Amino acid sequence: MVDNKAIGIIGHFGGKENILDGQTIKTKILYDELKQSTSWNIIKVDTYYKSKNPFKLLWDTIHCLKTTKDIIILVSHNGKRMYFPLLNFCAKHFKTRVFHDVIGGNLDKYVIKYPKFKTYLNSFKINWVETEGLKYKLEDQGIKNCEVIPNFKRLNIARVSENLFQEPYRFCIFSRVMKEKGIEVAIDAIQSINREYGKTICELDIYGKIDNGYKEKFKKVMSDATSAIQYKGMVPYDQSVEIIKNYYALLFPTSWPSEGFPGTIVDAFSAGLPVIATNWNCNGEIVKNKKNGVLYPNDEMKDLRESILWLMKHSDEMFDMKVRCIQDAQKYQPDTYVKKMICEIEN
């Protein structure tokens, strides 16, 4: 390992705020893992300051580019349009090596919308994508320097226990709280099932940061909901397993266009929770129907409501599903992937 090597990480660290969205968590995890695994001097450039303190962001960016020739970048949306042309220029003229750790699952759409992105991405040393599906899509657009590094988290993986699954069946959501994540779909499904049974046979607890543009709508949704639906606030990612391990299953009815490899699935598997998820983007690479959860729509279940009912009626299969979740969680521990990233940067 190269001692005292300087590298830069450009990404959303969240300033001094406790921000728990997927992008910020992924950026912080990578920084922490590299700090623990190397003796590198890691220079942080926090894109949180783009609107809060743009002069600080500019100064930090210049300092980073002057100090090191190795840059890891994790950005989304506007960050791509801001930094990709700059880093492409540095790669071509100053031999800067850019290691792009991709956020989300719709980078191929940016290449189609902004053709120059093809040039930018191919000028980088590597593009670490989260799923095989995105890798194939980018290769179809002429991006040839992609490798798959799935979302990973260092979590204490729960033990499988033969819990007696009794009423009410407790479900949870552990993600950003916004309509596109399927919050209202999940609430409607739980309440519909309870109405059908004439009692509270299932409950739903919602964890996560409420999206700024969804706060008023979510307040109205919760005011109209029954007591079976509860909002439980935010939880640090490293406490997720302890918080959710006693639920029956995790619901993930997402339709968010930018969905990549959802960190909430790693949380669920690490807690031994099967996941009921939409067959959306690359969810099917992770959630295997009737193995570690339910992926819908399928031949038996057309929507979330039917998927929840199926899982409730097959409680005898839950122990085996929980075992598979724990086994799958081992795939998303950081060590192998961080070692691979370090080797590629040092070579």
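The structure contained in this document is the topic of the report that follows. (Residues numbered from 1 in each chain as written. Predicted model: local features only at pLDDT ≥ 70, side-chain atom pairs only at ≥ 80, totals over all residues. Heavy atoms only, no water.)

Observations regarding empty space enclosed by the protein
Argument step 1. Taken as a whole, this structure holds one cavity of 30 Å³ or more when the rule is applied.
Argument step 2. By volume, the largest cavity amounts to about 50 Å³.
Argument step 3. Every residue lining the largest cavity is listed: Lys-26, Ile-29, Leu-30, Asp-101, Asn-151 and Phe-152.
Argument step 4. A breakdown of the residues in the lining of the largest cavity according to their chemical character gives three nonpolar, one polar and two charged. (1 Å grid on protein atoms, 1.4 Å probe; cavity = no way out; pocket = protein on both sides within 12 Å on 5 of 7 lines; lining within 4 Å. Points joined across faces, edges and corners; volume = space filled by probe spheres on them. Nonpolar A, V, L, I, M, F, W, Y, C, P; charged D, E, K, R; others polar.)

A look at helix H6 (residues 116-123)
Argument step 1. What H6 keeps buried is the set Phe-117, Tyr-120, Leu-121 and Ser-123. Angularly, the buried residues of H6 cover 160° about the axis, an arc narrow enough to put them on a single face.
Argument step 2. Taken together, the buried residues of H6 touch helix H4 (78-93), strand E4 (97-101), helix H5 (107-113) and strand E5 (126-129). (Buried < 20%, exposed > 50% of the residue type's maximum accessible area, 1.4 Å probe, protein only. Helix = DSSP H or I, 4+ residues; strand = E, 2+ residues; numbered from the N terminus. Arc of directions from axis to C-beta. Contact = heavy atoms within 4.5 Å.)

Let's talk about the state of the cysteines
Argument step 1. With the rule as written, the count across this model stands at zero disulfides.
Argument step 2. Between Cys-202, a cysteine without a disulfide, and Cys-172, which holds the nearest cysteine sulfur, the sulfur-to-sulfur distance is 13 Å.
Argument step 3. For Cys-202, a relative accessible area of 0% puts it in the buried group.
Argument step 4. Cysteine Cys-343 is unpaired, with the sulfur of Cys-146 as its nearest cysteine sulfur at 20 Å. (Disulfide = S-S within 2.5 Å.)

Here we look at the environment of Glu-346
Argument step 1. Mapped onto the elements of the fold, Glu-346 is located in helix H14 (residues 335-346).
Argument step 2. Here Glu-346 falls in the partly exposed class, since its relative accessible area comes to 25%.
Argument step 3. As a C-alpha pair, Glu-346 and Glu-130 span 216 residues in sequence and 21 Å in three-dimensional space.

Things to note about the side chain of Lys-153
Argument step 1. Relative to the elements of secondary structure, Lys-153 occurs in the loop between strand E6 (146-148) and strand E7 (169-174).
Argument step 2. Setting aside chain neighbours within four positions, we find Lys-153 in contact with Ile-25, Ile-29, Tyr-237, Gly-263, Val-266, Asp-267, Tyr-332, Gln-333 and Pro-334.

Let's talk about H4
Argument step 1. Here H4 is 16 residues long and its end C-alpha atoms lie 24 Å apart, about the 22 Å a rise of 1.5 Å per residue gives.
Argument step 2. Of all the residues in H4, the buried ones are Gly-79, Lys-80, Tyr-83, Phe-84, Leu-87, Asn-88, Cys-90 and Ala-91.
Argument step 3. Lys-95, located one to two residues past H4, shows a positive phi value of around 55°. (Expected span 1.5 Å × (residues − 1).)

Some remarks on the pattern of salt bridges
Argument step 1. In the structure shown here, the tally under the stated rule is 21 salt bridges.
Argument step 2. Put simply, Asp-211 and Arg-176 hold a salt bridge, and the shortest N to O gap is 3.4 Å. Here Asp-211 is found in the loop between strand E8 (202-207) and helix H9 (215-224), whereas its partner Arg-176 is found in the loop between E7 and helix H8 (183-197), with 35 residues between them in sequence.
Argument step 3. Under the relative-accessibility criterion, Arg-176 is labelled partly exposed at 27%.
Argument step 4. Between Lys-302 and Glu-306 there is a salt bridge whose closest N-O contact spans 2.5 Å.
Argument step 5. A residue is classified by how much of its surface remains accessible, and Lys-302, at 56% relative accessible area, is exposed.
Argument step 6. When salt bridges that share partners are traced, they join Lys-5, Asp-70 and Arg-97 into one network. (Salt bridge = Lys/Arg side-chain N within 4 Å of Asp/Glu carboxyl O.)

Quick word on the sheet that holds strand E2 (residues 41-46)
In a beta sheet, neighbouring strands pair by backbone hydrogen bonds and run either parallel or antiparallel.
Argument step 1. Ordered in space as E2-E1-E3-E4-E5-E6, the six strands form an open sheet in which the pairing is parallel. The open sheet has two edge strands with one neighbour each: E2 and E6. Neighbour-to-neighbour, the strand axes of the sheet open up by a mean angle of 20°, direction not taken into account.
Argument step 2. Here strand E3 (residues 70-74) runs beside E4; their pairing, made up of four bridges, is parallel. Bridged to Ile-71 within E4 is Val-98.
Argument step 3. Here helix H3 (residues 54-67) sits on the sheet and contacts strand E1 (6-11), E2 and E3; the angle it forms with E2, its principal contact strand, is near 150°.
Argument step 4. Strands E5 and E6 of the sheet are contacted by helix H7 (residues 132-140), whose axis makes an angle of about 170° with E6. (Pairing = 2+ DSSP bridges. Axes fitted to C-alpha atoms, helices over the stretch in contact; angles between N-to-C directions.)

Points about the packing of H8 against H9
Argument step 1. Where H8 contacts H9, the two axes come as close as 11 Å, and the packing angle between them is 5°. Taken together, the axes of H8 and H9 are roughly parallel relative to one another. Residues Ile-183, Glu-184 and Ile-187 of H8 touch H9, and the partners they reach there are Lys-217, Phe-218, Val-221 and Met-222.
Argument step 2. Tallied by class, the residues present in the contact of H8 with H9 amount to five nonpolar, no polar and two charged. (Parallel < 35°, antiparallel > 145°, perpendicular 65-115°, else oblique.)

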